[in-house]
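One letter stands for each residue in the lines below.
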Amino acid sequence: MSASANIIRDMTPADLPAILEIYNDVILTTTAVYSEQPHTLAMRQAWFNERKAADFPIIVTEEDGIITGFGTYGHFRAWPCYRFTVEHSLYVEKNHRGKGISKILLECLISHAREAGMHALIAGVDSDNLASLHLHRSHGFEQVAHFKEVGFKFDKWLDLIFLELLLSK
């Protein structure tokens with residue numbers, strides 16, 4: 001199966017269980033999320049409601065009725081002067097990784113952010129996540145910060161890299 005077989009659409013409340021499963025797998029098995037405890041369906045529902053109330057996108061990729069990934073962006077910082085800068089996240093279901101879904105999601109989020117009048121898109125990526133670093137750099141993101149040992153998960157210190165894409169370029 002290829003990424004081109006994926007349908008890209010806005011997330012609906014019916015997608016919450018699949019999104020929760022993807023997100024919890026990322027929490028429990030990777031350093032892509034600096035969290036250790038799985039989320040509950042109520043937590044994901046609150047997250048969904050907050051994103052929608054703020055008019056932020058949540059997009060999903062779907063193949064043969066299965067959610068294969070999701071992406072969103074939201075406030076980088078909640079203060080008013082940051083209103084044109086957003087931070088995004090994207091996650092792919094474990095059996096569909098390496099098939100180009102992250103690329104589809106990232107391109108959709110970049111396009112949406114541009115259309116929404118955003119100026120900068122930020123990515124926070126664990127320094128060991130070479131695939132994500134490559135993906136972002138291949139889409140014009142530049143590294144703007146490297147925070148050393150700011151996270152601790154799986155009994156080791158984690159470095160966080162911030163990358164930025166200026167959308168007006």
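Note that the structure is a prediction, hence the values are computed from the model and not measured.

## Brief notes about the packing of helix 1 (residues 16-29) against helix 2 (residues 41-53)
When two helices pack together, their arrangement is given by the angle between their axes and by how far apart the axes lie.
Line of reasoning, step 1. In contact at an axis separation of 10 Å, helix 1 and helix 2 are set at 110° when each is read in the N-to-C sense. In this view, helix 1 runs roughly perpendicular relative to helix 2, as classed from their interaxial angle. Residue-level inspection shows Leu-16, Pro-17, Ile-19, Leu-20 and Tyr-23 of helix 1 in contact with helix 2, the latter providing Leu-41, Arg-44, Gln-45, Trp-47 and Phe-48.
Line of reasoning, step 2. Its residues assigned to classes, the contact of helix 1 with helix 2 shows eight nonpolar, one polar and one charged.

## Concerning the layout of surface pockets
Vacant regions in the atomic arrangement are exposed by a probe of water-molecule size rolled over the atoms.
Line of reasoning, step 1. For the largest pocket, the calculated volume is near 1,000 Å³.
Line of reasoning, step 2. The wall of the largest pocket is formed by 40 residues, among which Ala-32, Leu-90, Tyr-91, Asn-129 and Ser-132 lie closest to the centre.
Line of reasoning, step 3. Elements with a contribution of two residues or more to the lining of the largest pocket: helix 1, helix 2, strand 3 (66-75), strand 4 (85-92), helix 3 (101-115), strand 5 (120-126), helix 4 (130-138) and strand 7 (156-166).
Line of reasoning, step 4. The element contributing the most residues to the lining of the largest pocket is strand 4, with six residues.
Line of reasoning, step 5. For the lining of the largest pocket, a count of residues per class yields 18 nonpolar, 14 polar and eight charged.

## Structural notes on the environment of Asp-55
Line of reasoning, step 1. Looking at where Asp-55 falls in the secondary structure, it is placed in the loop between helix 2 and strand 2 (58-63).
Line of reasoning, step 2. Distance from Asp-55 to Ile-66, taken between C-alpha atoms, is 25 Å for residues eleven residues apart in sequence.

## Side note on the pattern of salt bridges
Line of reasoning, step 1. Inspection of the entire model under this criterion finds five salt bridges.
Line of reasoning, step 2. For Asp-15, the salt bridge identified is with Arg-9, shortest N-O distance 2.8 Å.
Line of reasoning, step 3. Among the residues examined, Arg-9 registers a relative accessible area of 24% and is labelled partly exposed.
Line of reasoning, step 4. Taking the shortest distance from any N to any O, the salt bridge between Asp-25 and Arg-97 comes out at 3.2 Å. With a gap of 72 residues between them, Asp-25 in helix 1 and Arg-97 in the loop between strand 4 and helix 3 connect regions that are remote in the sequence.
Line of reasoning, step 5. The partly exposed category is assigned to Arg-97, whose relative accessible area is 36%.
Line of reasoning, step 6. Via salt bridges that share partners, Arg-9, Asp-15 and Glu-62 belong to a single interconnected network.

## Section: helix 2
Line of reasoning, step 1. Along its 13 residues, helix 2 runs 18 Å from first to last C-alpha, staying within 8% of the 18 Å computed at 1.5 Å per residue.
Line of reasoning, step 2. Here helix 2 has its buried residues at Arg-44, Trp-47, Phe-48 and Arg-51. The buried residues of helix 2 occupy an angular sector of 100° when projected down its axis, which confines them to one face. What points out from helix 2, more than 90 degrees from its buried face, is the exposed set Ala-42, Glu-50 and Ala-53.
Line of reasoning, step 3. Residues of helix 2 that are buried sit in contact with helix 1, strand 2 and strand 3.
Line of reasoning, step 4. Remark: Asp-55 follows helix 2 within two positions and exhibits a positive phi of approximately 65°.

## Focus on unusual backbone geometry
Line of reasoning, step 1. In this structure, Asp-55 takes a positive phi of about 65° despite not being glycine.
Line of reasoning, step 2. Since its relative accessible area comes to 66%, Asp-55 is described here as exposed.

Conventions and cut-offs
- Residues numbered from 1 in each chain as written.
- Predicted model: local features only at pLDDT ≥ 70, side-chain atom pairs only at ≥ 80, totals over all residues.
- Heavy atoms only, no water.
- Axes fitted to C-alpha atoms, helices over the stretch in contact; angles between N-to-C directions.
- Helix = DSSP H or I, 4+ residues; strand = E, 2+ residues; numbered from the N terminus.
- Parallel < 35°, antiparallel > 145°, perpendicular 65-115°, else oblique.
- Contact = heavy atoms within 4.5 Å.
- Nonpolar A, V, L, I, M, F, W, Y, C, P; charged D, E, K, R; others polar.
- 1 Å grid on protein atoms, 1.4 Å probe; cavity = no way out; pocket = protein on both sides within 12 Å on 5 of 7 lines; lining within 4 Å.
- Points joined across faces, edges and corners; volume = space filled by probe spheres on them.
- Salt bridge = Lys/Arg side-chain N within 4 Å of Asp/Glu carboxyl O.
- Buried < 20%, exposed > 50% of the residue type's maximum accessible area, 1.4 Å probe, protein only.
- Expected span 1.5 Å × (residues − 1).
- Arc of directions from axis to C-beta.

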